[in-house]
Amino acid sequence: MADDKTKRGSPDNKRLNKSEPYEVAYAKAKAEKKSAKKTAKKAAKKAPTRSASARAKPAAGSRARKAPSTSRAKSASPAMKRTNAAPAAKKSRTTTRATPKPPKAEKTAENTAPKTMREADAVDLLTDDHLEVGALFKQYEKLAKKEAPADQRRTLAQTICDMLKAHTTIEEEIFYPAARRAGLDADLLDEADIEHASAKDLIAQIEAGNPDGDHYDAKVKVLGEYITHHVVEEHTEMFPKCRRSTMDLVGLRGEMEARKLSISTDRSEQASGSEAVNDNRGKPTGILASLFSKA
Ligand SMILES: [Fe+2]
Ligand SMILES: [Fe+2]
C-alpha cells in the first residue's frame, strides 16, 4: 500500500511536509485542483469567442464574409474555403434531427417497374436491331485488329450484311411509308432513303469482295460509320416524331416482325439450296452421270 501511495503523480509526491498525514495532503491537493478548475472556467467565460477585429471584418464588405477566420483556413484550397463559407448553416444541419423514415420495402419487379407501362412497339424493334448490329460491328473491329482468318471475318461481315438488308427492308416497306402517311417530315424520310441506298452499295461491295483483298476491312468499317450516323439521326429526329405522331406503332411491330421472319426463311432456304449445289460440284450430271453410273 505504501508503494502505491508513492507512485508518480499521486498526491503523496506533492506532499512537501512528509510528516503531514497522507489523507490531509490528499484533501489539500484535491481542493487546489478544484479551485484551479473554477478559475479556468471563469476566465473562459469572460474571454470573447472572436476578437473584435475579426467580427468587424465581415461588415467591411460582402467578400469578407466568405474569408476563413483561422490561418489554417486561409491556406486551404478553394473547395475547403467553400465549405468554410457557411459554417452556421452546416452547424444547424448537424444539430437538427430528421424525422426517422420508415424502412424501405424490398425491391421487386412490381415496385421498381416504371409507373407508365407500354407495349413493345415498332420503334423498340428497330432499336434492338440497331443495338445488335452495333455490337457486331465492334466484334468485327476486334477481328480486323488482330488480323483474324479470312473465313472468320467473312462470316461475321455476311451476318452484318444480312441483318442490315432485313432491317432496311422492313423500314422501307413498312415503317417509312407509315411515317409518311402519318405526315412525318418528308425531307427526313427522303434523307433516310438515300442513306439506305449508300449503305446498300457498300453491302454489295462487301458481299462480292474478298476478305484477303484490299479494302475489305475498310469497307466494313465505313459501313459501320454510315450506319452509326444513320441510326443517330433515326433516334434523335425520326423516332421521337414517330412516337408523337398518330402512327400505330404496336400494330406496325407485328407487321415488321412477320416480314423479318419471311426474309430470314427465304435466306435459309437459299442457303440450303446453294449447299445442295455445292455438294454436286465435281459430280457428273446429265449424260455423263448416266455413263458413270453404268460404269
Ligand atoms: Fe433506317
Ligand atoms: Fe434503322
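Nothing here was measured: the structure is a model prediction, and the numbers come from that model.

**Focus: the coordination of the iron ion (ligand 1)**
Every protein donor of the iron ion (ligand 1) is accounted for by Glu171 (OE), Tyr176 (OH), His196 (NE2), His230 (NE2) and Glu234 (OE), and the metal-donor separations fall at 2.0 to 2.3 Å. The sequence pattern formed by the donor residues of the iron ion (ligand 1) is E-x4-Y-x19-H-x33-H-x3-E.

**Quick notes on helix H11 (residues 186-208)**
Under the 1.5 Å per step criterion, the end-to-end length of H11 is 33 Å for 23 residues, consistent within 8% with the ideal 33 Å. Structurally, H11 contributes buried residues whose contacts are with helix H10 (150-181) and helix H12 (216-244). Residue Asp185 occupies the N-cap position of H11, its side-chain oxygen lying 3.2 Å from the main-chain nitrogen of Asp187.

**Comments concerning the confidence of the model for the protein chain**
Averaged over every residue, the pLDDT of the protein chain is 76; residues scoring 70 or more account for 61%. In the predicted structure, residues 277-295 sits below a pLDDT of 50 and forms two contacts with residues beyond four places in sequence or in another chain.

**Re the coordination of the iron ion (ligand 2)**
Only His130 (NE2), His167 (NE2), Glu171 (OE) and Glu234 (OE) from the protein coordinate the iron ion (ligand 2), and they sit 2.1 to 2.2 Å from it. Taken together, the four donor atoms surrounding the iron ion (ligand 2) define angles of 85 to 170° at the centre, an arrangement classified as irregular. Between consecutive donors of the iron ion (ligand 2), the numbers of intervening residues give the motif H-x36-H-x3-E-x62-E.

**Details of a positive patch on the surface**
Judged by side-chain charge, Lys30, Lys34, Lys38 and Lys42 come together as a positively charged surface patch. Looking at where Lys38 falls in the secondary structure, it is placed in helix H3 (residues 22-46).

**Some points on the packing of aromatic side chains**
This model, assessed by the stated rule, comprises two aromatic pairs. When the centroid spacing of 5.8 Å and the interplanar angle of 85° are considered together, the rings of Phe175 and Phe239 count as edge-to-face. Within this pair, whereas Phe175 is found in helix H10, its partner Phe239 is found in helix H12, the two being separated by 64 residues in sequence. With a relative accessible area of 0%, Phe175 lands in the buried category. Three or more aromatic residues joined by ring pairs make a cluster, and in this case those are Phe175, Tyr176 and Phe239.

**Observations concerning the packing of helix H9 (residues 122-145) against H10**
As a packed pair, H9 and H10 sit with axes 10 Å apart at the nearest point and diverge in direction by 160°. Judged on the interaxial angle alone, H10 and H9 are roughly antiparallel. Here the hand of the crossing between H9 and H10 comes out left-handed. Of the residues assigned to the contact of H9 with H10, the class counts are 17 nonpolar, five polar and four charged.

**Some remarks on the pattern of salt bridges**
Overall, the coordinates contain 16 salt bridges when judged by the stated rule. Put simply, Asp124 and Arg118 hold a salt bridge, and the shortest N to O gap is 2.8 Å. Here Asp124 falls in the buried class, since its relative accessible area comes to 18%. A single salt-bridge network, built from bridges that share partners, covers Arg118, Asp121, Asp124 and Arg243.

Rules used throughout
- Residues numbered from 1 in each chain as written.
- Chains lettered and ligands numbered in written order.
- Predicted model: local features only at pLDDT ≥ 70, side-chain atom pairs only at ≥ 80, totals over all residues.
- Heavy atoms only, no water.
- Donors = N, O, S within 2.8 Å, 3.2 Å for Na, K, Ca; no water.
- Helix = DSSP H or I, 4+ residues; strand = E, 2+ residues; numbered from the N terminus.
- Expected span 1.5 Å × (residues − 1).
- Contact = heavy atoms within 4.5 Å.
- Polar contact = N/O pair within 3.5 Å; in protein donor to acceptor, adjacent residues only side chain to side chain.
- pLDDT = per-residue confidence, 0-100.
- Tetrahedral: all angles 85-135°; square planar, octahedral: opposite > 155°, others 65-115°.
- Patch = residues over 30% accessible without salt bridge, like charges linked within 9 Å, V, L, I, M, F, W, Y side chains within 5 Å.
- Areas by Shrake-Rupley, 256 points an atom, 1.4 Å probe, with all protein chains shown as cover.
- Salt bridge = Lys/Arg side-chain N within 4 Å of Asp/Glu carboxyl O.
- Lys, Arg positive; Asp, Glu negative; His and termini not counted.
- Charge placed at Lys NZ, Arg CZ, Asp CG, Glu CD.
- Phe/Tyr/Trp six-rings, centres within 6.5 Å; stacked < 30°, edge-to-face > 60°.
- Buried < 20%, exposed > 50% of the residue type's maximum accessible area, 1.4 Å probe, protein only.
- Axes fitted to C-alpha atoms, helices over the stretch in contact; angles between N-to-C directions.
- Parallel < 35°, antiparallel > 145°, perpendicular 65-115°, else oblique.
- Left-handed = near helix turned anticlockwise from the far one by under 90°.
- Nonpolar A, V, L, I, M, F, W, Y, C, P; charged D, E, K, R; others polar.

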